[in-house]
Amino acid sequence: LDLVVGNGEHLAEIPQLLAIHPGQPAVAAAEPVGLFPEDVEVHRDSRIRAWVGILEGCDNFCAFCVVPFTRGRERSRNPDDILREVLALRGAGYREITLLGQTVNSYGKKLEPPVPFAELLRRIDAAVGAGMRVRFMTSFPPDVTPALAEAMAILPSVCEHIHLPVQAGSNQTLSRMKRTYAREEYLEKVAMLRAAAPDLAITTDIIVGFPGEADADFAETLTLMEAVGFDGCFAFKFSPRPGTPAAELSDQVPESVRAARLSRVLELQSRLSLQQNRGLMGQVVEVLVDRDLSKRDSGLAAGRTRQNKIVHFRGGEVEEGNMVRVEITEATSHHLKGVLIASS
């Protein structure tokens, strides 16, 4: 080993550790006192969209996940530091930020005094206004609160999209996963969110073939997908991670069964996504132009709606980072097509 480096602010120590004379120990393993190094320049791949970390680690210890062991326990970043970064991004011309955390909506519980996630969204919205989009991921279902639903409904900067992993539709499987919520609670959270923000797009994560998942359990995942009508889904075959409780379970599901179940989930989600996207045909939507999404066809411009749906459109030259209005004329499972509405 050349270096032993812990999480969080220790990343900022790597340049100093690299300068240590060869043969001497290069170790930074003490408990970090902060979350992120605030004085280190952040590399950003986009000139219009930026990621902003607000929470590190996780306290939930789901049976299949290594995050609490590799990233440590949940730690929230100081809200003033977050606001400074967000305001600097706005000043630099960024049009969209995504707040990041393993369970991003669990933010602020351990701060003194506590700062609920919905309160952080209100502070950011007050600072940036409607001229900047605010997204966040990934959310943990039990920490979806009425205050969060209200914030998503009324704050102009907060986009109408939430990524809310369910992982499975069977209570038995959810219990074995140690997800700490039931199917019914998840559906109640979805209903609360949609009552507050009817145009909300909901995406999710699903794991198929978790140890012990019977055919009846898997069938409940499919019925939950139908009940929610997800706009999109990241679906995975269960893969045992060494050191996690799920890897030690004896009733592993055969690979062939996992593969067949994954195919059924993807097929169903394709139909659901098409159904949701067709509902937007004829509507005029706001699109943030993103050149990276239009590389395949130089004659097309592209961007994302507030619901995080990709739109390809024609209608003249538009600059990256502009907010434009597009009328939706076609829909597929993966993206929308439309025509640019000229500015009046």
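The preceding data block contains the structure.
Residues numbered from 1 in each chain as written. Predicted model: local features only at pLDDT ≥ 70, side-chain atom pairs only at ≥ 80, totals over all residues. Heavy atoms only, no water.

(A) Molecular detail of the pairing of strand β13 (residues 310-314). Pairing analysis gives four bridges linking strand β12 (residues 301-305) to β13, with the strands arranged antiparallel. The residue of β13 that forms the bridge with alanine 301 is phenylalanine 313. Between β12 and β13, which follow one another and run antiparallel, lie four residues, and asparagine 308 among them has a positive phi close to 70°. Of the strand pairs in this sheet, β13 and strand β15 (residues 336-341) are connected by four bridges, and their pairing is parallel. Paired with arginine 314 across the strands is valine 339, a residue of β15. (Pairing = 2+ DSSP bridges. Helix = DSSP H or I, 4+ residues; strand = E, 2+ residues; numbered from the N terminus.)

(B) Quick look at the state of the cysteines. Inspection of the entire model under this criterion finds zero disulfides. Here cysteine 58 stays free of any disulfide, with the sulfur of cysteine 62 as its closest cysteine sulfur at 6.2 Å. Unpaired in this structure, cysteine 65 has its nearest cysteine sulfur neighbour in cysteine 62, at a distance of 6.2 Å. (Disulfide = S-S within 2.5 Å.)

(C) Inspection of the pattern of salt bridges at higher detail. For the structure on display, the rule yields 22 salt bridges. For the salt bridge of aspartate 59 with arginine 73, the shortest nitrogen-to-oxygen distance reads 2.9 Å. Highlighted residues: aspartate 59 in the loop between β4 (55-56) and α2 (67-70) and arginine 73 in the loop between α2 and β5 (75-76), separated in sequence by 14 residues. With relative accessibility at 24%, the residue aspartate 59 sits in the partly exposed group. (Salt bridge = Lys/Arg side-chain N within 4 Å of Asp/Glu carboxyl O. Buried < 20%, exposed > 50% of the residue type's maximum accessible area, 1.4 Å probe, protein only.)

(D) Focus on the packing of aromatic side chains. For the coordinates displayed, the defined rule picks out seven aromatic pairs. The structure contains a cluster of three or more aromatic residues connected by ring pairs, namely Phe140, Tyr181, Tyr186 and Phe230. (Phe/Tyr/Trp six-rings, centres within 6.5 Å; stacked < 30°, edge-to-face > 60°.)

(E) Fine view of the sheet that holds strand β11 (residues 284-289). Pairing is mixed around the closed barrel formed by five strands, whose spatial order is β11-β12-β13-β15-β14. With strand direction ignored, the average angle separating the axes of adjacent strands in the sheet is 50°. (Axes fitted to C-alpha atoms, helices over the stretch in contact; angles between N-to-C directions.)

(F) View of the packing of helix α3 (residues 79-91) against helix α4 (residues 117-128). Across the interface, α3 lies against α4 with an axial gap of 10 Å and an inter-helix angle of 30°. Comparing the axis directions of α3 and α4 gives the class roughly parallel. In this structure, α3 crosses over α4, and the sense of that crossing is right-handed. Of the residues in α4, those touching α3 at Pro79, Ile82, Leu83, Val86, Leu87 and Arg90 are Leu120, Arg123, Ile124, Ala127 and Val128. Considering only residue class, the contact of α3 with α4 consists of nine nonpolar, no polar and two charged. (Parallel < 35°, antiparallel > 145°, perpendicular 65-115°, else oblique. Left-handed = near helix turned anticlockwise from the far one by under 90°. Contact = heavy atoms within 4.5 Å. Nonpolar A, V, L, I, M, F, W, Y, C, P; charged D, E, K, R; others polar.)

(G) Looking closely at the environment of leucine 293. Its place among the elements puts leucine 293 in the loop between β11 and β12. Placed 40 residues apart in sequence, leucine 293 and valine 253 show a C-alpha to C-alpha distance of 38 Å. Setting aside chain neighbours within four positions, we find leucine 293 in contact with Ala302, Gly303, Arg304, Ile310 and His312.

(H) A look at the nonpolar core. Ile54, Leu99, Phe117, Leu121, Ile124 and Phe136 are the most contacted members of the largest nonpolar core, which has 66 residues in total. Looking at this core, the element that brings in the most residues is α4, giving six residues. Of all hydrophobic cores here, the second largest spans 12 residues; its members include Val289, Ala301, Ile328 and Ala331. (Core = buried A, V, L, I, M, F, W, Y, C linked by side-chain atoms within 4.5 Å.)

(I) Representation of helix α7 (residues 183-196). Helix length check: α7, at 14 residues, gives a terminal C-alpha distance of 20 Å against a target of 20 Å (1.5 Å per residue), a fit within 8%. Looking only at α7, the buried set comprises Arg183, Tyr186, Lys189, Val190 and Leu193. Down the axis of α7, the buried side of the element spans an arc of 125°, and every buried residue falls inside it. Across α7 from its buried face, at more than 90 degrees, point the exposed residues Glu188 and Ala195. Here the buried face of α7 lies against α5 (146-154), β8 (161-163), α6 (171-177), β9 (201-208) and α8 (215-228). (Expected span 1.5 Å × (residues − 1). Arc of directions from axis to C-beta.)

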